[in-house]
Amino acid sequence: MAVVLNEIRRGFYLDSVALMRISRAVAALPGVEEAGLMIATPANKEILREAGILSDNSAHAGPGDLLIALRGKDAAAAGAAMTEAQRLLEQPRRAVAGTGAWQPHTLRGAVQRMPDANLALISVPGDFAAAEARKALRRGLNAMIFSDNVQVREEIDLKREGRELGLLVMGPDCGTAIIGGVPLGFANSVPRGDVGIIGASGTGIQEVACLLANAGRGVSHAIGTGGRDLSADVGGITALMAIDLLDGDAATRHVVVISKPPAPEVADAVLARVGRSRKSFTVCLIGGQPTRALPTNAELATTLSEAAEAALGHPLPRYEGAAPQLAARGKLICGLYCGGTLCSEAQLVLRRAGMAVASNAPIPGAARLEASAAGHRLIDLGDDAFTHGRPHPMIEPTLRDGPLREALADERVGVILLDVILGWGIHADPAGELARVLAGRKATTPIVIASVTGTDGDPQGRSAQVRKLADAGVIVAPSNAAAAALAVQGVR
Amino acid sequence: MRALAVEVCGLHARRFVERHAAARIAAVFARSLHLEASGDFLCLGDRSIGCGPLNAILSCEAWASLRGAAPPAGASARIDRGRIRLGAACLETARSALWCAARWPKAADRRHVAEAVDRLAQHCITRAPRDGLARVVLLPQPEQSSPLARLARPRIERLRSWLDDRQPSLADKTPPTDLLGLGPGLTPCGDDLLCGALVALRAVGWNDAADRLASAIDRAAPAATSPLSRSFLRAAAEGLAAEALHALILGVLSERPGPLVGDVEALNRIGHTSGWDALAGTMLVLQAFGTSAVRSTGVASPELSL
């Protein structure tokens, strides 16, 4: 025998689209003959009465209430449908109370929820990332693989499959992208504009995007490729597809390509593709030189700052504060970086100044840290050796506390260089964490110079973070390259 | 506390901030957050929700920041000197621009309006959603009928008849309000339709009719529909609704050529069918105006209204 069930939710608000979707989902359940979720106005109760799904106990429901009404073919079907309706109603409310968005548990669930989605961001342990990315591709989704520890063989297979399907595979280990104005992964809130960015490096993309944004220019799309894409094995599949996409994107007028030195044959292919474009390009190979002449529509930038300046068409603002005054102590520079590419850029600035530099992630011409303990040291704290089993220092900046205290106490060190990276997914107050460690230090301790990669649109707010650093006695440079140049100036 | 600037405020949103010292978060949605105080509502969101009388618009970045840290529904907000304090966020409204709908044309030619409404109807008839009331208004013959359509059709015809019969001799005829609270959605379809009708009545200068309909709605609404809907109806009684609706009506009255495709598309993005339902109410009025035998020339100024 058919059973009618009603439930009243007092003062319950849900947007119209969600109400309609849930109403249809419940009506489509097995054994459900009729269902409706409506604001319990007298007129709507009339509709529900006419549909034969209004029970007597709903008479007291008022216009501020939500009424769930359904009729099942029997008690079991009606009860199951009501349980499902309750679950569906609670789903978005739980999300609101928590992270701000309903989080599906599977890719399938996400696609059901958002049938128009065309990109999946995959952040699962590396062992499972390739399988999830493959599922995404086969559902017609572009994939951004945030996860690392994916085998290179898997990366090649995924990217080839994506290419055949006309779908982009960003990553693995793609930490940053901005697609259509939406920051993905560790990315910043930057205005939309006409500069496209393709980067094998997350912090490289962030630095260039933020320098552009803070100079009043916007980004059309920033496409991450993953650090291995321009290797000989992978062959730059994503970078080449990204150039195709930005070349065909009407909103993009200029493209910046950021990479560590690529494999020569891959660099040739990329530059050949650049040469076929009608758009202008800036090619920024941190620490490297192209093995062939650049096409006429491209110019070379050796640092991220230069790349931003080339895209802007004018120089970036210079540091206008007082020149750093070195305390009576050693003249070594110690850089402690969260961003790998920012560390590379700083090495480049020091190398161009004729300084010997060592790093755990050395660029060409720099020494490995183990072999040169006595020289300038620039350390990438985001390197696997520091983050194995621990959060990245962009998420958990206290990882830098120990090395920072050591550098402050080291008599040989005259300048400490730091990067402060802001954006989505990043620690809420990295400058505050640094200020906490720097508080109460003696006047004789090293000069601390930092740059802040971020915008005022970021959750942390760039201006507020700069103020915290300045209040803590930190010299804040307008860019990472400018900070490194100031450090050079400080120790000379 | 994070300071976030409200860029644009509607008139009722501004009044909300001026009149209330405390509010309750009624709902947090993906694109908007609703505050409620003593039956008044304010809708916070980014530019994608569009300007409107109840809306307070933030930049995309500020909205994302607010949305990420917004307290859940039921939480309190404090309002003081133009600042709305919501959890860890402080929304600054004092420097926001006031959204003002464009003025209606002084005079609209009724023949032109009739032609424009016909073109609009032709454009909409294949695009209107199956849910809601737009198809009930647009289609002369009923399609496969839903319980909503079956109940709505005679009520819509009563409203149409009241609009067509607006003559001095019938001035005391009570406007029909039985569409109030009718239909699915956070704001029931019937309410959205009445909002569209109220704004269109102001637009064509039939202010007396607008006053009488608004007054009847005001009396009936407390028992007939939700508090949020009543807020929208109060704004519509003053001739204020979503900017997309204003743009469409202005396009019809100002002899803008073409079928107003962009405006219809903008309305399509409002709610599940809210934009379409408001359009349906507007078309009822504009059709009545276009075919009105009472006046032979356009109106739109209060002194010419009945």
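How each quantity is defined
Residues numbered from 1 in each chain as written. Chains lettered and ligands numbered in written order. Predicted model: local features only at pLDDT ≥ 70, side-chain atom pairs only at ≥ 80, totals over all residues. Heavy atoms only, no water. Contact = heavy atoms within 4.5 Å. Buried area = accessible area lost by both parts, 1.4 Å probe. Salt bridge = Lys/Arg side-chain N within 4 Å of Asp/Glu carboxyl O. Pairing = 2+ DSSP bridges. Helix = DSSP H or I, 4+ residues; strand = E, 2+ residues; numbered from the N terminus. Axes fitted to C-alpha atoms, helices over the stretch in contact; angles between N-to-C directions. Buried < 20%, exposed > 50% of the residue type's maximum accessible area, 1.4 Å probe, protein only. 1 Å grid on protein atoms, 1.4 Å probe; cavity = no way out; pocket = protein on both sides within 12 Å on 5 of 7 lines; lining within 4 Å. Points joined across faces, edges and corners; volume = space filled by probe spheres on them. Nonpolar A, V, L, I, M, F, W, Y, C, P; charged D, E, K, R; others polar. Core = buried A, V, L, I, M, F, W, Y, C linked by side-chain atoms within 4.5 Å. Expected span 1.5 Å × (residues − 1). Bend = angle between axes of the 7 residues up to and from the residue.

Draft legend 1. Spotlight on the interface of chain A and chain B. Chain A puts 30 residues into the contact, and the matching count from chain B is 35 residues. Overall, the association of chain A and chain B removes approximately 2,700 Å² of surface from exposure, summing both partners, and the carbon and sulfur fraction of that is 61%. Put simply, chain A and chain B have three salt bridges between them. For Arg150 of chain B, the salt bridge identified is with Glu50 of chain A, shortest N-O distance 2.9 Å.

Draft legend 2. The sheet that holds strand β1 (residues 3-9) of chain A, seen in detail. Residues and elements named next belong to chain A. Strand order in the open sheet made by the three strands is β1-β3-β2, with antiparallel pairing throughout. Looking along the sheet, the strands with just one partner apiece sit at the ends: β1 and β2 (32-39). This sheet shows a mean twist of 10° between the axes of neighbouring strands, independent of strand direction. Looking at chain direction, β2 and strand β3 (residues 66-72) are connected through seven bridges and run antiparallel. Looking at β3, one finds that Met38 is bridged to Leu67. Relative to the sheet, helix α1 (residues 16-27) contacts β2 and β3, its axis offset from that of β2 by approximately 165°. Contacting β2 and β3, helix α2 (residues 42-50) runs over the sheet at an angle of about 180° to β2.

Draft legend 3. A look at the pattern of salt bridges. Per the counting criterion, the structure on display carries 38 salt bridges over all chains. With a closest N to O distance of 2.4 Å, Asp178 of chain B and Arg158 of chain B form a salt bridge. Of this pair, Asp178 of chain B sits in the loop between α5 (147-164) and α6 (189-203) while Arg158 of chain B sits in helix α5, and the two are 20 residues apart along the sequence. Residue classification places Asp178 of chain B among the partly exposed positions, given a relative accessible area of 25%. What you see here is one network of salt bridges that share partners, running through Arg134, Arg138, Glu154 and Glu161 of chain A.

Draft legend 4. Spotlight on empty space enclosed by the protein. By the definition in use, this model includes four cavities of 30 Å³ or more. Approximately 100 Å³ is the volume attributed to the largest cavity. Considering the residues around the largest cavity, the lining is formed by Leu230, Val257, Ser259, Pro262, Val266, Ala267, Val270, Leu271, Val283, Leu285, Pro290 and Leu294 of chain A. Only β11 (254-259), α9 (264-275) and β12 (280-285) of chain A provide two or more residues apiece to the lining of the largest cavity. With four residues, the top contributor of residues to the lining of the largest cavity is α9 of chain A. Grouping the constituent residues of the lining of the largest cavity by class yields 11 nonpolar, one polar and no charged. The computed volume of the second largest cavity comes to approximately 70 Å³. For the lining of the second largest cavity, the secondary structure elements donating two or more residues are α1 of chain A together with α6 and α11 (274-290) of chain B. Top contributing element to the lining of the second largest cavity by residue count: α1 of chain A, with three residues.

Draft legend 5. Broad picture of the nonpolar core. In terms of nonpolar packing, the biggest core is built from 78 residues, with Leu120, Leu133, Ile156, Leu193 and Leu253 of chain B touching the most fellow members. Setting aside its immediate chain neighbours within four residues, Leu133 of chain B contacts Leu148, Ala152, Ile156, Leu179, Cys189, Gly190, Leu193, Asp277 and Ala280 of chain B. By size, the runner-up hydrophobic cluster in this structure holds 55 residues, among which are Ile205, Val208, Ile475 and Leu486 of chain A.

Draft legend 6. Geometry of helix α7 (residues 207-224) of chain B. Across its 18 residues, α7 of chain B extends 24 Å between first and last C-alpha, which sits within 8% of the 26 Å expected from 1.5 Å per residue. Of all the bends in α7 of chain B, the greatest reaches close to 30° and is centred on Asp218 of chain B; the proline Pro222 of chain B follows between one and four positions later. Within the sequence span of α7 of chain B, burial applies to Asn207, Ala209, Ala210, Arg212, Leu213, Ala214, Ala216, Ile217, Ala221 and Ala224 of chain B. Lining the buried residues of α7 of chain B we find α2 of chain A together with α5, α6 and α8 (227-237) of chain B.

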